[in-house]
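Single-letter residue listing:
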Amino acid sequence: MKAAVIQMVSQDDVLANLQRAGALLEQAALGGARLAVLPENFAAMGRKDAAAIGRAEALGEGPILPWLKRTARDLKLWIVAGTLPLPPVGQPDAKAHACSLLIDEDGEVAARYDKLHLFDVDVADNRGRYRESDDYAHGAQVVVADTPVGRLGLSVCYDLRFPELYSALRAAGAELITAPAAFTAVTGAAHWDVLIRARAIETQCYLLAAAQGGTHPGPRETHGHAAIIDPWGRIVAQQAQGEAVLLAERDIDEQASIRARMPVVSHRRFFSQDALRPAHTSE
C-alpha cells in the first residue's frame, strides 16, 4: 500500500526530463510503491509552445504519452503524470488543458483530470506575472478513481487555494488526493505547507504533494518541499529542494479511526443565500 511522491527540477528539454523522471520512478518502484506522483510540468518547464506539445501528443506524434505508458508497464507502477498539455479528446487543434493523467500498471489511461483553477496572478518575484489562461483552458470536472492504494482524487497546484474542490473529492469517496505542483518560491514560502496540511486535515485524506524544487528557464524559481501528509495533518515525509523520491505507506486502520472519531462529513452544514444577507438590527 505504499505511495511515492516525486520532486524534480525540470528544464525545457523534454527528453532529458523524461530520462530523469524515469530514474526517479524506478527508484519509487524499487522502494515498493504501487503508485507514484510526478510534479506539475514534469516533462517541460519554461517552454512557450504548450499548444504545439499538446497537439503532437494528441495526434500520437509526441514522446510523452508513449513514454508514460511504457514506463508504467515496465515498472508495474501506477503513475500520476503531474501535468502535461493536452487538448480535449478528439480535438487536437483545440486549446490545451493542463492535464493530470492517471496511468495504470498496464499502461492504460485510468483517469484524466483537467486543472480547474488557472494561475493568473501577479507575484513579487523576478518573473512578476503569471497567466496560465493564455496557454490553457479551464477544466470542468471533479475526478476520483480507484487505485491499488485506495480511492484517489486528482487536483493540481493552484487548486489548493479552493477548498470546495477538496470537499467534493471527499464526498466522491477520495481516500488519497494528489496535488502535483510548481509553486513559486514566493507563494510557496508563504502558503505551501499551510495549504497542503489544511487540505489533508479537512478531507481526512492522505495528501500526495509532488513538487518542482529549484531553478528553471524563464527564469523561474520553485519552492519545492514536496510532501506526503497524513489524514491528521502530519508531515510524513518532505524534501526541501532538488530531486527526491518520498515514500509512505497508507495506514488504512488509522485513517478509518480518524474518520470515525471525528466524522466531519456528517457534521457538515450548508447555508442558504439568505444567510449571506447582512443582519438587521433595531435600536
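Structure: above.
Note that the structure is predicted; figures quoted are calculated from it, not measured.

J.: Help me out: how do you make sense of the overall build of the protein in this one?
T.: Scanning the protein for helices and strands turns up seven helices and 18 strands. Radius of gyration (C-alpha) of the protein: 19 Å, near the 19 Å computed for a compact globule of 283 residues. C-alpha atoms of the protein, sized along the principal axes, occupy 70 × 45 × 35 Å. Put simply, 68% of the contacts in the protein that link residues at least 6 apart link residues at least 24 apart. A total accessible area of about 12700 Å² is found for the protein, and carbon and sulfur atoms account for 51% of it. With 29 positive and 35 negative side-chain charges, the protein shows a spacing of 2 Å between the two charge centroids.

J.: Honestly, the nonpolar core in this entry has me stumped. Any pointers?
T.: Note on soluble globular proteins: their nonpolar side chains tend to be buried together. Of all hydrophobic cores here, the largest spans 46 residues; its most connected members are Leu35 and Leu208. Sequence-distant contacts of Leu208, that is, excluding residues within four places in its chain, are made with Ala3, Val5, Leu35, Val37, Leu152, Leu176, Ile177, Thr178, Ala179, Pro180, Ala227 and Ile228. Listed in part, the 30 residues of the second largest apolar core include Leu18, Ala28, Ala72 and Cys99.

Conventions and cut-offs
- Residues numbered from 1 in each chain as written.
- Predicted model: local features only at pLDDT ≥ 70, side-chain atom pairs only at ≥ 80, totals over all residues.
- Heavy atoms only, no water.
- Helix = DSSP H or I, 4+ residues; strand = E, 2+ residues; numbered from the N terminus.
- Rg over C-alpha atoms; globule rule 2.2 N^0.38 Å.
- Contact = heavy atoms within 4.5 Å.
- Areas by Shrake-Rupley, 256 points an atom, 1.4 Å probe, with all protein chains shown as cover.
- Lys, Arg positive; Asp, Glu negative; His and termini not counted.
- Charge placed at Lys NZ, Arg CZ, Asp CG, Glu CD.
- Core = buried A, V, L, I, M, F, W, Y, C linked by side-chain atoms within 4.5 Å.
- Buried < 20%, exposed > 50% of the residue type's maximum accessible area, 1.4 Å probe, protein only.

All we've got here are geometric facts, nothing functional implied.
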